[in-house]
Amino acid sequence: MLSACASRSSFLSRQLFTLLTVFSLGLFTVSSAHAATYYVSNLGSNSNSGAQGSPFKTIQHAADVAKAGDTVIVAAGTYREAIKSKNDGTASARIRFVSEDAYNKTGKMGTKIISSGQNVSWMILGDFVDVEGFDVTAADNAHVGIGSYGNYTRIMYNYVHDYKMVGPCDSNGGAGINNMNYDSVGKEIIGNVVHSIGTNFLGSGEYCNQIHGIYHATRGGKVENNIVYNSASAGIHLWHAPANVSVTNNLSFSNRGAGLIFGCGDKPFVQCKNITVANNIFMNNGRFGIREYGNNDSSNRVLNNITYQNGGIEIEMKQGTASGNMTDTNPMLKNFQPGGGGDYTLAAGSPAMGKGINCGGCNIGPDSSIISPPPSGQLPAGGGAGGGGLGLGNCFK
């Protein structure tokens with residue numbers, strides 16, 4: 001099922017399990033005759049032009065200025081702000097917010113956003129918007145790291161972590177990454193590392209089933225190649241209206257609830273169809289490995305996943321079908337550490353090798369990877385193929 005993919009990703013911090021920075025070259029093309037590139041730096045000023053030698057000071061100001069086809073490159077540094085990006089891109093001219101390290105593929109994670117005073121650290125309100133390569137956390141009691149209300153948004157290669165969520169466990173809930181707005185469509189959550197979400201509800205205290213690592217509540221789209229751990233409830237949760245969604249090649253572990261819960265329920269009161277869950281590893285979660293529930297039909301599929309040492313039922317299906325899964329099976333990661341900081345690539349002889357499935361419609365073949373490897377020399381020291389660094393290990397072969 002999963003292969004050693006250190007050639008596509010690696011991790012930087014010895015103390016925290018930090019984010020891979022692997023980028024597809026196709027994301028760097030903007031098809032607009034009037035596209036502009038704006039720059040943001042802590043040393044800049046919002047009265048500047050936004051040119052490389054005259055950068056803006058805040059990401060918010062750049063978000064207010066950027067239009068369809070524009071790219072905003074944010075220099076390394078700490079930005080103490082909450083962001084609302086309201087402007088729309090188009091299918092052929094997306095608006096792209098990207099950290100300087102991500103844009104240059106340095107293998108670092110140097111652009112940090114620390115929000116305060118808002119419930120969402122970065123709220124995407126526009127359509128066709130990308131947010132790539134940021135370290136996102138909150139100084140206070142925010143309940144969402146990156147949240148998307150727009151259509152066809154992409155949240156990629158970010159490191160979202162350490163949200164306390166102090167207060168009652170209620171329907172307001174929370175998530176590290178949250179695809180919201182039940183009427184929106186086509187959103188993608190790819191290649192992120194999300195951990196320690198709802199830390200106030202971790203441990204032996206009150207269990208809160210409203211706080212998750214990744215939450216996807218909308219039609220269409222995908223949740224791919226993410227690592228999620230130490231969430232108050234599910235690592236990945238699909239609910240409300242997630243019909244026609246694929247959940248593939250993720251690693252979800254050490255969450256207090258399930259590795260994955262999926263189904264339709266509550267507003268807008270629709271039936272879930274054509275959800276595909278394939279080629280994932282769910283392990284060491286407190287309750288379920290995979291759980292289907294809610295108002296679903298028989299077209300939902302759970303294919304060729306590994307579940308291991310989850311606290312309750314490994315796989316629970318309601319209306320959908322499950323096949324090719326390996327339950328109670330050790331995936332043999334090189335150095336599994338339940339709190340992060342391990343090497344999550346596969347060891348030699350792993351039962352996951354060679355077991356990926358071409359699930360149809362989710363663009364995953366048994367011998368192909370979703371994300372192209374970075375150019376030679378652009379992985380951090382200790383990473384890369386054959387290296388001793390920390391690796392992702394959530395891609396199938």
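Residues numbered from 1 in each chain as written. Predicted model: local features only at pLDDT ≥ 70, side-chain atom pairs only at ≥ 80, totals over all residues. Heavy atoms only, no water.

A few points about the overall build of the chain
When helices and strands are counted, the chain shows two helices and 31 strands. The buried share of the chain, taken over its 397 residues, is 58%. Carbon and sulfur atoms make up 47% of the accessible area of the chain, which amounts to about 14300 Å² in all. (Helix = DSSP H or I, 4+ residues; strand = E, 2+ residues; numbered from the N terminus. Buried < 20%, exposed > 50% of the residue type's maximum accessible area, 1.4 Å probe, protein only. Areas by Shrake-Rupley, 256 points an atom, 1.4 Å probe, with all protein chains shown as cover.)

Some remarks on the pattern of salt bridges
One pass over the structure, following the stated rule, counts five salt bridges. Here Asp130 and Arg94 are joined by a salt bridge, their closest N and O atoms 2.8 Å apart. Here Arg94 lies in the loop between β4 (83-85) and β5 (95-99) and Asp130 lies in strand β8 (residues 129-132), a separation of 36 residues in the sequence. Arg94 matches Asp130 in its accessibility class, with the two residues each being buried. Glu132 is the partner of Arg96 in a salt bridge, and the nearest nitrogen-oxygen pair spans 2.6 Å. Highlighted residues: Arg96 in strand β5 and Glu132 in strand β8, separated in sequence by 36 residues. Here the salt bridges do not stand alone but share partners, grouping Arg94, Asp130 and Arg154 into one network. (Salt bridge = Lys/Arg side-chain N within 4 Å of Asp/Glu carboxyl O.)

Focus on unusual backbone geometry
In this chain, Lys267 is followed by Pro268 through a cis amide linkage whose omega measures 5 degrees. With respect to the element layout, Pro268 can be found in the loop between β22 (260-262) and β23 (276-278). A positive phi angle, near 65 degrees, is found at Asn279, a position not held by glycine. Mapped onto the secondary structure, Asn279 falls in the loop between β23 and β24 (281-283).

Side note on the state of the cysteines
Following the criterion strictly, the structure yields two disulfides and no others. The disulfide partner of Cys169 is Cys208, and the S-S distance across this bridge is 2.1 Å. The sign of the S-S torsion, about 80 degrees, decides the handedness of the disulfide formed by Cys169 and Cys208: right-handed. Of this pair, Cys169 sits in the loop between β12 (159-163) and β13 (174-179) while Cys208 sits in the loop between β15 (193-197) and β16 (211-216), placing them 39 residues apart in sequence. (Disulfide = S-S within 2.5 Å.)

Description of the pairing of β8
Burial of the side chains of β8 extends over both faces: Val129 and Val131 are buried on one face and Asp130 and Glu132 on the other. With four bridges joining them, β5 and β8 adopt parallel strand pairing. The partner of Phe97 across the bridge, within β8, is Val131. Across three bridges, β8 lies against strand β11 (residues 154-156) in parallel orientation. (Pairing = 2+ DSSP bridges.)

Notes on the environment of Ser171
Position of Ser171 relative to the elements: it lies in the loop between β12 and β13. Its relative accessible area of 69% is what places Ser171 among the exposed residues.

Looking at the packing of aromatic side chains
Here a ring pair, both rings aromatic, is described through the centre-centre distance and the interplanar angle of the planes. Applying the stated criterion across every chain yields a total of nine aromatic pairs. Aromatic side chains Phe128 and Tyr152 sit 5.0 Å apart centroid to centroid with 10 degrees between the ring planes, which places their arrangement in the stacked category. With a gap of 24 residues between them, Phe128 in the loop between β7 (120-124) and β8 and Tyr152 in the loop between β10 (144-148) and β11 connect regions that are remote in the sequence. For Phe128, a relative accessible area of 16% translates into the label buried. Consider the rings of Trp239 and Tyr293, whose centres lie 4.6 Å apart with planes at 15 degrees: the pair is stacked. (Phe/Tyr/Trp six-rings, centres within 6.5 Å; stacked < 30°, edge-to-face > 60°.)

What to know about the side chain of Gln60
In this structure, Gln60 sits in helix α1 (residues 59-65). One polar contact links Gln60 to Asp64, side chain to side chain, over a distance of 2.9 Å. (Polar contact = N/O pair within 3.5 Å; in protein donor to acceptor, adjacent residues only side chain to side chain.)

Side note on the pairing of strand β31 (residues 343-346)
Burial along β31 is two-sided: Asp343 and Thr345 facing one way and Tyr344 and Leu346 facing the other are all buried. Examined bridge by bridge, strand β30 (residues 333-335) and β31 share two bridges and lie antiparallel to one another. Its bridge partner lying in β31, Asn335 is registered against Asp343.

Considering the nonpolar core
Ranked by size, the top nonpolar core spans 53 residues in total, and within it Trp122 and Leu260 carry the most contacts. Residue contributions to this core peak at three residues, all from α1. With near-sequence residues (within four places) excluded, Trp122 lies in contact with Ile59, Ile83, Ser85, Phe97, Ile113, Val131, Phe134, Gly145, Ile146 and Gly147. Listed in part, the 15 residues of the second largest apolar core include Tyr159, Leu251, Met283 and Tyr308. (Core = buried A, V, L, I, M, F, W, Y, C linked by side-chain atoms within 4.5 Å. Contact = heavy atoms within 4.5 Å.)

Concerning the sheet that holds β13
Taken together, the nine strands give an open sheet; going across it, the order is β4-β7-β10-β13-β16-β19-β22-β25-β28, and neighbouring strands pair in parallel fashion. Two strands bound the open sheet, and with one partner strand each, they are β4 and β28 (315-316). Pairing geometry for β10 and β13, over four bridges, is parallel. Bridge pairing in β13 places Ser148 opposite Asn179.

Focus: the confidence of the model for the chain
Mean pLDDT over the chain works out to 83, with 82% of the residues at or above the 70 mark. Per-residue pLDDT stays below 50 along residues 1-32; that stretch engages in 140 contacts with residues further than four places along the chain or on separate chains. Predicted confidence is poor over residues 363-397, with pLDDT under 50, and the contacts of this stretch with residues over four places away or in other chains come to 112 contacts. (pLDDT = per-residue confidence, 0-100.)

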